[in-house]
Every structure is written in C-alpha cells, then in structure tokens.
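Overview (structure and organization)
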Amino acid sequence: MTPEGRALLLEGAAELGLKLAPEQVEQFGHLLALLTQASAQMNLTALRGERDILLKHFVDSLTCLRGGWLDGGQRVLDLGTGAGFPALPLAIVQPRLQIVPLDATRKKVEFVERTAQALGLENVHPLTGRAESLGRDPQQRERYDRVVTRAVAALPVLAELALPFLRVGGLLVAQKGPLTPEELEAGTRAAAEVGGQVRVAEPFTLPLAGDARTLVVIEKTASTPERYPRREGVPNRKPLF
Ligand code: SAM
C-alpha cells in the first residue's frame, strides 16, 4: 500500500470511529496486494486501482459496523461474499467475530479461504453453496447471530435468503445503495412473511467518497416457516413482494 493509500484507509476508518492498529493496516495492505494480484488472473471484482479498492471495498465493508450491531464473539454469515466483502475487512477489525463467508461460486470462496490463511485470520470459515439450499440444512439453519450482506439482491430477496440462517433474536445487517420507499416497503412485507421486522433503515454517505448508502437492519422475531427459502433461483425470479 502506498503512503497515500495508508492515510486514506486510516482517515476513512476514523470517520467510522475506528482506530486501526498497525498490524491491521498491514493486513489491509496484504489484502490489497492479494486482491490486485488475483484480479489480474480471474474475474473477482470490477474495482481496480488502490483508491477505489481501499474506499469502495475496505472502508465500505467497515460501514457495516455503524450502529454497533456486530460485536463480541457473534457467529456471522456473510451471504454472497464474492471476493470476501464485507467478511474479510470485518474479520480484520473485529477478530472476535466468527465469520462464515458464503458464496455460490467455488473459485471466489477458494480465494477467500487462501487469503484468510495468508492474513492469519483464524476467525474466517468459508463455505461454498447456494443460500437456498444451505438455509434448509439443519447444520446452518437458525445457527447464526448475524447475517451481513452487501450488493447481493433486492431487500425482499435478501429477507427470504437470510432470515432462515438466523436464530430468533438475530439480526440481518444489509448494506445497500440508495433505497427507494418501494423497496423498503416490499422488504418490510417480505420480512414479516419469513419471521422478521425492519428495525432500522439508515441512509448515510460513504466516508471520503460520498456515495449514497443505506444500512438496513431486520430482526428475526419468529421462526421462519418451513417452506422458506423456496428452491434455487425462485426467490430472485419471483420475489415474495
Ligand atoms: N458481497 C460481495 C461484494 O460486496 O463485493 C460480492 C457481491 S457480488 C455482486 C454478489 C455475490 O453473491 C456473487 O459472488 C454471487 O455468486 C453471490 N450470490 C448471489 N446469490 C447467491 C445465493 N443465492 N447463494 C449464494 N451466493 C449468492
């Protein structure tokens, strides 16, 4: 990481109230190098260039920590992690969280696994598969305190895919771009159908970059009916609302 990049990362994190330790900055530098190297060989992420990766992957992922919903030794699923976002930045900054990055694409999960090992992140436990199938697996269903997700699907789809993984009382923390009132309304209805209630939908801007974001928090208040999630592809093709 260049000295300018380091300053940018520290400033972005500080705007979120986070003071990164030197070892954490080093881990982010290592992550940047591995991501840049791997992106040259496979289609991992559309973002190129140090500034964009630092702000729009690393700092952006850390915005999931707004509001203090993620804490302590919680078991956290990152639904649709891709190249490891927000899972890897969260694992660096909050080493007590036990994070399971999940993605349907094996080569992405393999990248996340190799990278977590290279960074010495023992709190990252990657998983390959589709949320529709794993959400029905007794080893995974209702086993998580938190589900985080970024840039994966519209809110009603996320509610159906994520809530089965949560224990009652657990939270879905969904990081979204600008949210229309229609998407929030549909998401609220879908959440109610699968046992959840929207607690927060907070607009904010991404530190230093200024892009519009919304953090949506849905609490699981009742067990998800057995019929959800529906089979592979159906939640996306035919959202509940
Ligand atoms: N969260 C990452 C980020 O913010 O950079 C990746 C976002 S990428 C646009 C969406 C990812 O979600 C893809 O890697 C895709 O394979 C994964 N995905 C979408 N639907 C999924 C499902 N039903 N089960 C598992 N993974 C899924």
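Just so it is clear, the model here is predicted, and its values are computed rather than measured. (Residues numbered from 1 in each chain as written. Predicted model: local features only at pLDDT ≥ 70, side-chain atom pairs only at ≥ 80, totals over all residues. Heavy atoms only, no water.)

This part takes up the site of the ligand. Not every one of the 17 residues close to the ligand is listed here, only the nearest: Gly-80, Phe-85, Asp-103, Ala-131 and Arg-150. Interatomic distance of 3.3 Å between a side-chain N/O atom of Arg-130 and a nitrogen atom of the ligand. Look at the ligand: alone it shows 610 Å² of surface, and the protein chains cover 79% of it. One can see that the ligand is located within the largest pocket. The residue inventory of the shell around the ligand, partitioned by class, reads six nonpolar, six polar and five charged. (Near = heavy atom within 4 Å. Polar contact = N/O pair within 3.5 Å; in protein donor to acceptor, adjacent residues only side chain to side chain. Areas by Shrake-Rupley, 256 points an atom, 1.4 Å probe, with all protein chains shown as cover. 1 Å grid on protein atoms, 1.4 Å probe; cavity = no way out; pocket = protein on both sides within 12 Å on 5 of 7 lines; lining within 4 Å. Sits in = over half its atoms within 2 Å of the grid points. Nonpolar A, V, L, I, M, F, W, Y, C, P; charged D, E, K, R; others polar.)

Before going further, it helps to spend a moment on the nonpolar core. Membership of the largest hydrophobic core comes to 45 residues, with the highest contact counts inside it found for Phe-28, Leu-31, Phe-58, Leu-70, Leu-90, Phe-111 and Leu-121. Going through the elements one at a time, α1 (3-15), α2 (22-41), α3 (50-62), α4 (87-93) and α5 (106-118) are the ones with two or more residues in this core. Tallying contributions element by element places α2 first for this core, with seven residues. Ranked by size, the runner-up nonpolar core spans 28 residues in total, among them Val-100, Leu-163, Leu-166 and Val-194. (Core = buried A, V, L, I, M, F, W, Y, C linked by side-chain atoms within 4.5 Å. Buried < 20%, exposed > 50% of the residue type's maximum accessible area, 1.4 Å probe, protein only. Helix = DSSP H or I, 4+ residues; strand = E, 2+ residues; numbered from the N terminus.)

Below, the discussion takes up the packing of α2 against α5. Where α2 meets α5, the axes come as close as 10 Å, and the angle between the chain directions of the two elements is 150 degrees. As for the relative orientation of α2 and α5, their crossing is right-handed in sense. Contacts between α2 and α5 involve His-30, Leu-31, Leu-34, Leu-35 and Ala-38 from the former and Phe-111, Thr-115 and Ala-118 from the latter. Class assignment of the residues belonging to the contact of α2 with α5 gives a composition of six nonpolar, two polar and no charged. (Axes fitted to C-alpha atoms, helices over the stretch in contact; angles between N-to-C directions. Left-handed = near helix turned anticlockwise from the far one by under 90°. Contact = heavy atoms within 4.5 Å.)

The final tally for this structure, using the stated rule, is three aromatic pairs. Connected via pairs of aromatic rings, a cluster forms that spans Phe-28, Phe-58 and Phe-85. In this structure, Arg-75 packs its charged tip against the face of Tyr-144, placed 4.4 Å from the ring centre. (Phe/Tyr/Trp six-rings, centres within 6.5 Å; stacked < 30°, edge-to-face > 60°. Lys NZ or Arg CZ within 6 Å of the ring centre and 35° of its normal.)

As a further point, take the environment of Leu-90. By secondary structure assignment, the location of Leu-90 is in helix α4. A C-alpha to C-alpha distance of 17 Å links Leu-90 and Glu-11, two positions 79 residues apart in sequence. Among all residues touching Leu-90, those that are not within four sequence positions of it are Ser-61, Leu-62, Cys-64, Leu-65, Leu-70, Leu-97, Ile-99 and Val-148.

Take a probe with the size of a water molecule and roll it over the atoms, and the empty space left behind shows itself. The calculated volume of the largest pocket comes to roughly 560 Å³. Taken together, 32 residues form the lining of the largest pocket, with Gly-80, Asp-103, Arg-150, Ala-151 and Val-152 sitting closest to its centre. Every element with two or more residues in the lining of the largest pocket is listed here: α3, β2 (98-103), α6 (131-134) and β5 (166-176). Looking at the lining of the largest pocket residue by residue, the classes come out as 13 nonpolar, 10 polar and nine charged. (Points joined across faces, edges and corners; volume = space filled by probe spheres on them.)

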